[in-house]
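Geometric and topological summary
The lines below spell out each chain.
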Amino acid sequence: MMIFLERFAKAITPAWIPRQLRRWKHRRRATDLEAAWQIRREFFWKAFKAFDYNGISGDYVEFGSHGGMTFRLAFDQISARKIKRRMWAFDSFCGLPEASAPADDHPHWKKGGLATSVEAFHRICRVHGMKRDAYSTVEGFYDETLTKLADTDAPVDIALAYIDCDMYSSTKTVLDFLLPRLKHGMIVAFDDYYCWSADQISGERRALLEFLEANTEWRFLQYRDFGWAGESFVVERAEQTLTE
Ligand SMILES: C[S@@+](CC[C@H](N)C(=O)[O-])C[C@H]1O[C@@H](n2cnc3c(N)ncnc32)[C@H](O)[C@@H]1O
């Protein structure tokens, strides 16, 4: 016991504590990341299984693609199934925009945060075995890209809209873009639905609540939650919704 204590005392140099803290932080991050992959893998499996089984056509459209984790998970499902679906990545590829509304306020949403260049994104996709002609990237901030697309511009037929752009104003622009493209049976998923600020309803959830209030012809049926912050919905026409 004494020998052990002597050795332990010798090992504790001034650099020991910060080194241990770094290791613990690294391990915690690795565990969080592994859980994030597993949970989303299961979500994508369920969503694409439901599309196939129910005969729902349409593309995979992602708003917020950054490091390509969710894009790769969606690709794994699409490439393993019969129904062909194009994939779309809408991102500034230079990180989050500046906050433009009080509901964008959040300790983790900072201008330029979560940036991956489009070249790095293509590299990530290539390493994962994705051919360049299997997907499209649309570079730029949504208020400059999505707002310029006409209702008839592709992508028009969407099975899964995966919204992972965190902020209220980004999500609001995305939902306005999706409005003419909504169809029965598609799924709209929000990666950060339960991220909110300390004193108000904000972020993706606020954008959806306002959207549904303004567009009462559509209902979003709660489908699956995933992870600690994700929620998804199946789209239904309000006139067809039966009381539960
Ligand atoms: C949380 S990250 C996406 C993570 C990604 N799904 C993954 O699995 O790696 C959020 C992304 O949304 C993008 N983003 C947020 N608001 C945007 C906007 N208004 N226009 C374009 N891109 C936006 C950011 O550039 C960032 O890459």
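Preceding this section is the structure that the text describes.
Residues numbered from 1 in each chain as written. Predicted model: local features only at pLDDT ≥ 70, side-chain atom pairs only at ≥ 80, totals over all residues. Heavy atoms only, no water.

Let us look at helix α6 (residues 168-178). In terms of burial, α6 is a largely internal element, nine of the 11 residues being buried. Within α6, burial applies to Y168, S169, S170, T171, T173, V174, L175, F177 and L178. Contacts made by the buried residues of α6 are with β1 (59-63), α5 (142-145), β4 (158-163), β5 (187-190) and α7 (203-214). (Buried < 20%, exposed > 50% of the residue type's maximum accessible area, 1.4 Å probe, protein only. Helix = DSSP H or I, 4+ residues; strand = E, 2+ residues; numbered from the N terminus. Contact = heavy atoms within 4.5 Å.)

All right, on to the side chain of R85 then. With respect to the helices, strands and loops of the structure, R85 is situated in the loop between α3 (69-79) and β2 (87-91). For R85, a relative accessible area of 7% puts it in the buried group. In terms of polar contacts, R85 uses its side chain to reach the side chain of D52, at 3.4 Å. Setting aside residues up to four positions removed in sequence, R85 forms contacts with F48, F51, D52, I56, S57, G58, D59, I78 and A159. (Polar contact = N/O pair within 3.5 Å; in protein donor to acceptor, adjacent residues only side chain to side chain.)

Summarising burial for strand β7 (residues 230-237): seven of the eight residues are buried, a large majority. Pairing of strand β6 (residues 218-226) with β7 involves seven bridges; the strand directions are antiparallel. Bridging from a neighbouring strand, L221 pairs with V234 of β7. The antiparallel hairpin formed by β6 and β7 contains three residues in its connecting segment, where G227 sits at a positive phi of about 65°. (Pairing = 2+ DSSP bridges.)

What follows is about the packing of aromatic side chains. Following the criterion strictly, the structure yields 25 aromatic pairs and no others. Look at F63 and Y142: their rings are 6.1 Å apart centre to centre, the planes differ by 85°, and that puts the pair in the edge-to-face class. With F63 in strand β1 and Y142 in helix α5, this residue pair connects regions lying 79 residues apart in the sequence. Among the residues examined, F63 registers a relative accessible area of 0% and is labelled buried. Accessibility expressed as a relative area gives 8% for Y142, which makes it buried. (Phe/Tyr/Trp six-rings, centres within 6.5 Å; stacked < 30°, edge-to-face > 60°.)

Neighbouring residues of the ligand: 21 residues in total, closest G64, T70, D91, D164 and S170. Within the contact set of the ligand, a nitrogen atom lies 2.8 Å away from a side-chain nitrogen or oxygen of T70. In this structure, a nitrogen atom belonging to the ligand sits 2.7 Å away from a side-chain N or O atom of D164. Protein chains bury 93% of the 600 Å² of accessible surface belonging to the ligand in isolation. (Near = heavy atom within 4 Å. Areas by Shrake-Rupley, 256 points an atom, 1.4 Å probe, with all protein chains shown as cover.)

What follows deals with the pairing of β2. Here β2 lies mainly inside the structure; five of its five residues are buried. Across the two faces of β2 the burial is the same, with M87, A89 and D91 and W88 and F90 all buried. Sheet topology note: the β1/β2 ladder contains four bridges and is parallel. Opposite F63, over in β2, you have F90 as the bridge partner. In terms of handedness, the path from β1 via α3 over to β2 forms a crossover that is right-handed. (Right-handed = clockwise from strand over helix to strand, strands pointing away.)

A few words on the packing of helix α2 (residues 16-54) against α3. Contact pair α2 / α3: the axes reach a minimum separation of 9 Å and the direction vectors enclose 40°. The pairing of α2 with α3 is recorded here as oblique in orientation. Crossing angle aside, the handedness with which α2 passes α3 is right-handed. Residues A36, W37, R40, R41, F44, W45 and F48 of α2 lie in contact with α3, whose contacting residues are M69, T70, R72, L73, A74, Q77 and I78. (Axes fitted to C-alpha atoms, helices over the stretch in contact; angles between N-to-C directions. Parallel < 35°, antiparallel > 145°, perpendicular 65-115°, else oblique. Left-handed = near helix turned anticlockwise from the far one by under 90°.)

Nonpolar side chains tend to gather and get buried jointly when the protein is soluble and globular. Within the largest apolar cluster, 32 residues are counted, with the highest numbers of intra-cluster contacts made by F43, F44, Y60, F71, M87 and L160. Counting only elements with at least two residues in this core, the list comes to α2, α3, β2, α4 (118-127), β4, β5 and β6. Top element by residues in this core is α2. It accounts for eight residues. Sequence-distant contacts of F43, that is, excluding residues within four places in its chain, are made with Y162, I187, A189, Y223, R224, F226 and S232. Core analysis: the next-biggest nonpolar cluster, separate from the first, contains 28 residues, W88, A103, I163 and V235 among them. (Core = buried A, V, L, I, M, F, W, Y, C linked by side-chain atoms within 4.5 Å.)

We now examine a positive patch on the surface. Taken together, the side chains of R19, R22, R23 and R27 make up a positively charged region of the molecular surface. Position of R23 among the secondary structure elements: in helix α2. (Patch = residues over 30% accessible without salt bridge, like charges linked within 9 Å, V, L, I, M, F, W, Y side chains within 5 Å. Salt bridge = Lys/Arg side-chain N within 4 Å of Asp/Glu carboxyl O. Lys, Arg positive; Asp, Glu negative; His and termini not counted. Charge placed at Lys NZ, Arg CZ, Asp CG, Glu CD.)

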